[in-house]
Amino acid sequence: MRTKTLIATAAGILLSAAASAQVNHHASWLKDAVVYQIYPSSFQDSDGNGIGDIPGIISRLDYIKSIGVSAIWMNPVFVSGFTDGGYDVIDFYKIDPRFGTNSDLVELVNQAHARGMKVILDLVAGHSSDQCEWFKQSKEADPNLRYSDYYIWPSFKPEIKNEQNLAGKTDYAQLMNSMNNIVNKFVASDAPRGPYYVKNFFDTQPALNFGFANPDPEHPWEQAVDAPGPMAMRRELKNIISFWMDKGVDGFRVDMAASLVKNDFDKSATIKLWKEDLSKWFKETYPEGLLIAEWFNPEQSIEAGFDVDFFAHDGKYNFSTLFFNTDRQGKSQPCWFELEGRGELKTWYDLYSYQYNAVKGKGYASLPTSNHDFNRPAAAARTTLEQEKVYMTFFLTMPGVPFIYYGDEIGLKQQFGLPSVEGSMMRSGTRIPMLWDSSDNAGFSSAPIEKLYIPQDPDPNRNTVEKSENDPNSLLNYTRTLIQLRKDNPVIGADADWRLVNGLETPYPMVYERTLGSEKCIIVLNPTAKKVTTQIEFQGKTPEIIGGSYTKASYKSNAKKGIDTITLSPVSAIIYKY
Ligand code: GLC
């Protein structure tokens, strides 16, 4: 009996080890990956309607390849109502005609693969458009139709209960809509089915029904995660994933991945759903596929089986203190990447090092250059070539998988004060059309200028890909050099250890160390207009400078005092290898 129990326990341990190994399995290409994010409406228009499309992207594949990236991630390209830039999907199985056809997507995949690049799609897992056929059927009075339970139909509005108090954990668990009692997402409806439905983001984005963490018996619409409706929803999601993966796609960035299970305050039910079902199934079925989370909490998302999550400039979980330090009143505060040198590193460091350590060896907390929701780094007072090279050095020498948002490689500048387009609201200024050359509309589109999806940077001296190609000193060429350097030196790549070397009380310059086996690099960043000097521990070796952007740098060792002293010119970055 005892032996049996022991064997059973041992088998259990082995089984659970195998299960978690499965979830933490990564595609073989992940560790060297650099991802290029494309906002499809703004990249390249091929048919002259002022909006980018898939054939346009295909025509630019050689350029994308030339940057050195290994994968492309496109924001949603599916049939959409475009009340939220494509994140309100009407048909998950069909490319929107404005972007092309399903065959164009397959052509893009084939052509990217022929160039050794992967293609990642955006999976809007948590909601659909209110124009989706599923939702239309779900609105009908009969609650037992095929799609009836794909959505949540509260029959009354309960009082808002006090939000849960997660002592000590609020910072991370508050993310997205997790702490919001779902009542805040009720939308009044005149559908025969019921007086309310639950939304995720805009009213046009009804939440899909993956169940509730702790269904309240007094709220009959709160189904359990394993109730028939939520289970059917999961099968549908797997179908969508398989539909595209079987056509050759290489993975997904999952939109609002943390939002699936409702009233899941600590996210444990959502983590479980991914870990024990969706991610597990995905990894088993597509071992070379990639799952990127938009969760903004790597500690949770990597546990849930994702390969990568973002540590992005969103809310207070972010690196806004590095790039866009705006307080709740919208007032700009100093940020670390600025000429004046008034920034601090502690806020970012505490959050980043927490996440970095939480997922080390299991997955990646990635620092994207920017994205379709947040400002580009080339903005306001941070738009000189030297400044751009300093932050690009940062993005491409940190751990994890780098994500370059289209145009950031040429210093495409954040625009301010643009009108909202298709629900972009404040986000128009980061979704601006790419600047290719000196032809009309910078080669983005042959449409009349007023027809462009979003106005382009009007500066007559605006930088373009063409100009950047012709200038050996350009940000584009610097970015290429850095990506190549990263490939040649795994010590500055995804997996090498990272440690901040300078003290938080002396935030300038930022000095960090990357180590892998016996190899070591030290990276020094000075975004300020002043020359900086810093002292680090005596390294016992004269390092080689393997990269950077600076006018002057000096490195002096003092074995007796046990210190090395580095002096670096204003607005500079340098990479030392020991
Ligand atoms: C994600 C997307 C954002 C979208 C939202 C709702 O945060 O990045 O663009 O508006 O989800 O789908």
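Small disclaimer: the values here were computed from a predicted structure and weren't measured.

Here is what the cut-offs are and how they apply
- Residues numbered from 1 in each chain as written.
- Predicted model: local features only at pLDDT ≥ 70, side-chain atom pairs only at ≥ 80, totals over all residues.
- Heavy atoms only, no water.
- Helix = DSSP H or I, 4+ residues; strand = E, 2+ residues; numbered from the N terminus.
- Rg over C-alpha atoms; globule rule 2.2 N^0.38 Å.
- Buried < 20%, exposed > 50% of the residue type's maximum accessible area, 1.4 Å probe, protein only.
- Contact = heavy atoms within 4.5 Å.
- Areas by Shrake-Rupley, 256 points an atom, 1.4 Å probe, with all protein chains shown as cover.
- Near = heavy atom within 4 Å.
- Polar contact = N/O pair within 3.5 Å; in protein donor to acceptor, adjacent residues only side chain to side chain.
- Pairing = 2+ DSSP bridges.
- Core = buried A, V, L, I, M, F, W, Y, C linked by side-chain atoms within 4.5 Å.
- Axes fitted to C-alpha atoms, helices over the stretch in contact; angles between N-to-C directions.

**Considering the overall build of the chain**
And step 1. Per the secondary structure count, the chain includes 13 helices and 20 strands.
And step 2. The C-alpha radius of gyration of the chain comes to 25 Å, within 12% of the 25 Å expected for a compact globule of 578 residues.
And step 3. Once the C-alpha set of the chain is aligned to its principal axes, its extents read approximately 80 × 75 × 50 Å.
And step 4. Counting all 578 residues of the chain, 58% fall into the buried class.
And step 5. Residue pairs at least 24 apart in sequence account for 68% of intrachain contacts in the chain once pairs closer than 6 positions are excluded.
And step 6. Only carbon and sulfur atoms are counted for the fraction: they give 52% of the accessible area of the chain, which is about 23,100 Å².

**Observations regarding the site of the ligand**
And step 1. Around the ligand lies a shell of 13 residues, among which Asp84, Asp255, Glu294, His372 and Asp373 are the nearest.
And step 2. A distance of 2.7 Å is found between an oxygen atom of the ligand and a side-chain nitrogen or oxygen belonging to Asp255.
And step 3. Take Arg427: an N or O atom from its side chain is 3.0 Å from an oxygen atom of the ligand.
And step 4. Contact with the protein chains hides 96% of the accessible area of the ligand, taken as 310 Å² for the molecule alone.

**Quick look at the pairing of strand 18 (residues 553–558)**
And step 1. Bridge count between strand 18 and strand 19 (residues 563–568): 6 bridges; the pairing is antiparallel. Bridge assignment links Ala553 to a residue of strand 19, and that residue is Leu568.
And step 2. With antiparallel pairing between neighbouring strands as the criterion, strand 18 and strand 19 make up a hairpin whose turn holds 4 residues, including Gly562 at a positive phi of roughly 75°.

**Considering the nonpolar core**
And step 1. With 131 residues, the main nonpolar core has Tyr36, Ile64, Trp348 and Phe394 as its most contacted residues.
And step 2. In this structure Ile64 touches Tyr36, Ile38, Phe43, Ile57, Val69, Ile72 and Met117, once residues within four positions along its chain are discounted.
And step 3. Counting residues in hydrophobic clusters, the runner-up holds 19 residues, among them Trp29, Leu290, Phe310 and Val401.

**Let's talk about the side chain of Gln44**
And step 1. Considering the arrangement of structural elements, one finds Gln44 in the loop between strand 1 (35–38) and helix 2 (54–59).
And step 2. For Gln44, a relative accessible area of 7% translates into the label buried.
And step 3. From its side chain, Gln44 meets the backbone oxygen of Gly443 in a polar contact 3.0 Å long.
And step 4. Among residues more than four places away in sequence, those in contact with Gln44 are Gly52, Asp53, Gly56, Ile57, Ser59, Arg60, Trp436, Gly443 and Phe444.

**What to know about the sheet that holds strand 20 (residues 572–577)**
And step 1. If you trace the 5 strands from one edge of the open sheet to the other, you get 13-14-15-20-17, paired in antiparallel fashion. The open sheet is flanked by strand 13 (497–500) and strand 17 (544–549), the only strands paired with a single partner. Across the sheet, the mean angle from the axis of one strand to that of its neighbour is 20°, orientation sign disregarded.
And step 2. By the bridge criterion, 4 bridges tie strand 13 to strand 14 (residues 510–516) in an arrangement that is antiparallel. Across the sheet, the residue bridging to Leu500 is Tyr512, located in strand 14.
And step 3. Across the face of the sheet, helix 11 (residues 385–395) comes into contact with strand 14, strand 15 (519–526), strand 17 and strand 20 while running at roughly 150° to strand 15.
And step 4. The strands that helix 13 (residues 475–488) touches are strand 17 and strand 20; relative to strand 17, the one it contacts most, it runs at about 145°.

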